[in-house]
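What the coordinates show
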Amino acid sequence: MSVYYREVANEVDLFTRCYEQQLPLLIKGPTGCGKSQLVAHMAEKLKRPLVKVACNEDTSSADLLGRFLIKGNETVWQDGPVTRAVREGAILYLDEVAEAREDVIVALHPLTDHRRELYVDRTNEELVAPAGFMCVASFNPGYQRGFKELKPSTRQRFVTLSLSYPMPELETEILHRVTEVDLKTCQRLVELGNKIRGQRHLELKETVSTRLLVHAARLFKSGMSLRQACLFGVGQCLSDDVQVLEGLKDLIHLSM
Ligand code: ADP
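Per chain, the residues get numbers from 1 upward, laid out in the order the sequence is written. In keeping with the predicted nature of the model, local features appear solely for residues at pLDDT of at least 70, side-chain atom pairs appear and are counted solely at 80 or more, and the whole-chain, interface and lining totals rest on all residues. The side-chain numbers reported here are obtained from all heavy atoms of the structure, hydrogens and water having been left aside.

Our next topic: the overall build of the protein chain. What the protein chain contains, in helices and strands, is 12 helices and 9 strands. C-alpha extents for the protein chain along the principal axes are approximately 65 × 40 × 35 Å. For the exposure calls, accessible area comes from a 1.4 Å probe over protein chains only, and a residue counts as buried if that area is under 20% of its type's maximum, exposed if over 50%, partly exposed in between. Buried positions account for 48% of the 256 residues belonging to the protein chain. Look at the contacts in the protein chain between residues 6 or more apart in sequence, and 70% of them connect residues 24 or more apart. Here the protein chain has roughly 13300 Å² of accessible surface; of this, 50% comes from carbon and sulfur atoms. Positive charge is attributed to Lys and Arg, negative charge to Asp and Glu, and no charge count is given to His or to the chain ends. We put the charge of a Lys on NZ, of an Arg on CZ, of an Asp on CG and of a Glu on CD. Seen as two clouds, the 33 positive and the 34 negative side-chain charges of the protein chain have centres 3 Å apart. Think of it this way: any DSSP run of H or I at least four residues long counts as a helix, any run of E at least two long counts as a strand, and we number them from the N terminus. Any two residues whose heavy atoms approach within 4.5 Å are treated as being in contact. Each accessible area is a Shrake-Rupley estimate made with a 1.4 Å probe; only the visible protein chains count as cover when residues are assessed.

How big an interface is tends to be expressed through the accessible area that disappears when the partners come together. Where each domain starts and ends comes from a domain assignment, either automatic or drawn from a database. In terms of domains, the protein chain is made up of domain 1 (11-162) and domain 2 (168-255). Centre-to-centre, using C-alpha coordinates, domain 1 lies 32 Å away from domain 2. Facing the 6 residues of domain 1 at the interface are 5 residues of domain 2. Buried area counts how much accessible surface, traced with a 1.4 Å probe, disappears from two parts once they are put together, with both parts' losses summed. Both faces considered, domain 1 and domain 2 share a buried interface measuring about 470 Å² in area, 38% of it formed by carbon and sulfur atoms. By definition, a salt bridge exists where a carboxyl oxygen of Asp or Glu is found within 4 Å of a side-chain nitrogen of Lys or Arg. On inspection of domain 1 and its partner domain 2, the count reaches 0 salt bridges. Distance and chemistry together define a polar contact, namely a pair of N or O atoms within 3.5 Å, with one atom able to donate a hydrogen and the other to accept it when in protein, and with adjacent residues in sequence counting only for side-chain atoms on both sides. The interface formed by domain 1 and domain 2 includes 4 residue pairs in polar contact (both at pLDDT 80 or more). When residues are sorted by character, Ala, Val, Leu, Ile, Met, Phe, Trp, Tyr, Cys and Pro go into the nonpolar class, Asp, Glu, Lys and Arg into the charged class, and all the rest, Gly among them, into the polar class. Taken together, the residues of the side of domain 1 that touches domain 2 sort by class into 2 nonpolar, 3 polar and 1 charged.

Residue types Ala, Val, Leu, Ile, Met, Phe, Trp, Tyr and Cys, when buried and joined through side-chain atoms within 4.5 Å, form a set referred to as a nonpolar core. One finds Val82, Leu92, Leu94, Leu111, Leu118 and Phe133 to be the most contacted residues of the largest nonpolar core, which totals 29 residues. Mapped by element, the contributors of at least two residues to this core are strand S2 (50-54), helix H3 (61-65), helix H4 (81-88), strand S5 (91-95), helix H5 (102-107), strand S6 (117-120) and strand S8 (134-139). For phenylalanine 133, the residues in contact, after removing those within four places along its chain, are Ala85, Val86, Gly89, Ala90, Leu92, Leu111 and Arg116. Core analysis: the next-biggest nonpolar cluster, separate from the first, contains 26 residues, Cys186, Leu202, Leu248 and Leu251 among them.

This paragraph deals with the site of the ligand. As a matter of local geometry, the ligand sits amid 16 residues, with Arg6, Gly32, Ser36, Gln37 and Arg211 nearest to it. Between the ligand and arginine 6, the relevant distance is 2.8 Å, taken from a nitrogen atom to a main-chain nitrogen or oxygen of the residue. Between the ligand and cysteine 33 there is a distance of 3.1 Å, counted from an oxygen atom to a backbone nitrogen or oxygen. Bound to the protein, the ligand loses 90% of the 560 Å² it would expose on its own. When residues of the shell around the ligand are traced back to their parent elements, those giving at least two are helix H2 (35-45), helix H8 (168-179) and helix H10 (210-221). The element contributing the most residues to the shell around the ligand is H2, with 3 residues. Partitioning the shell around the ligand into residue classes produces 7 nonpolar, 6 polar and 3 charged. Definition of nearness: a residue and a molecule or strand are near each other if at least one heavy atom of the residue lies within 4 Å of the molecule or strand.

Set out below in structure tokens:
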């Protein structure tokens, strides 16, 4: 397997069962906790192509389903990523699905229930997803905080897996495997990460992710001091508030 994923809570088994039972899966968890890595790993394991769509409020159904394009003096149809994923029997990964507009999400509803159908209105095609197709979506409940919720009618179509930052020993192992930085340094980075995660009074919108620790480890590997690597790779990424940044810098100086 070329895409490394370290299992944290039996999620490979759940993902496999969903795939076999043709159930859509929603992975919820904070940013940088390994959601995309899990999906990439599973696509490889299940030998399915992966089609990833980063959802945002400007995403239209034409962006997802496809559109007619003018080429020379011809009009040709071009599949959007969702249509392509259905035709290919791929794993469709809708990243940050709650960011998409409601009408776009609703257009995908028939694909995420027992019908497994996609209606492409512009070409008047009704596609039935082949057995290899699976819909996976990710959702970050913390970061939405009250404003962008997923409607129950959407939520209840998906089996839901909740991921979080791994336990310290596992996170150390992940950092070490992903960056090839020595275990001792990885352990210190994870300790710093957990120290910052424990500082609730800083009121960070999002706390230190495994991704940020990976960045700091990579900067360190390039020859930067560990302290600098943590300032640029972790501290500065968490806040723009001068006082909060001072607090983060102090923590980094004390730890590194
Ligand atoms: P998300 O999609 O949740 O925002 P990613 O999947 O992009 O996060 O992960 C961010 C970084 O953390 C990547 O470098 C990834 O390799 C690493 N990572 C986090 N958790 C794991 C894990 N369990 N196994 C392997 N790598 C992981």
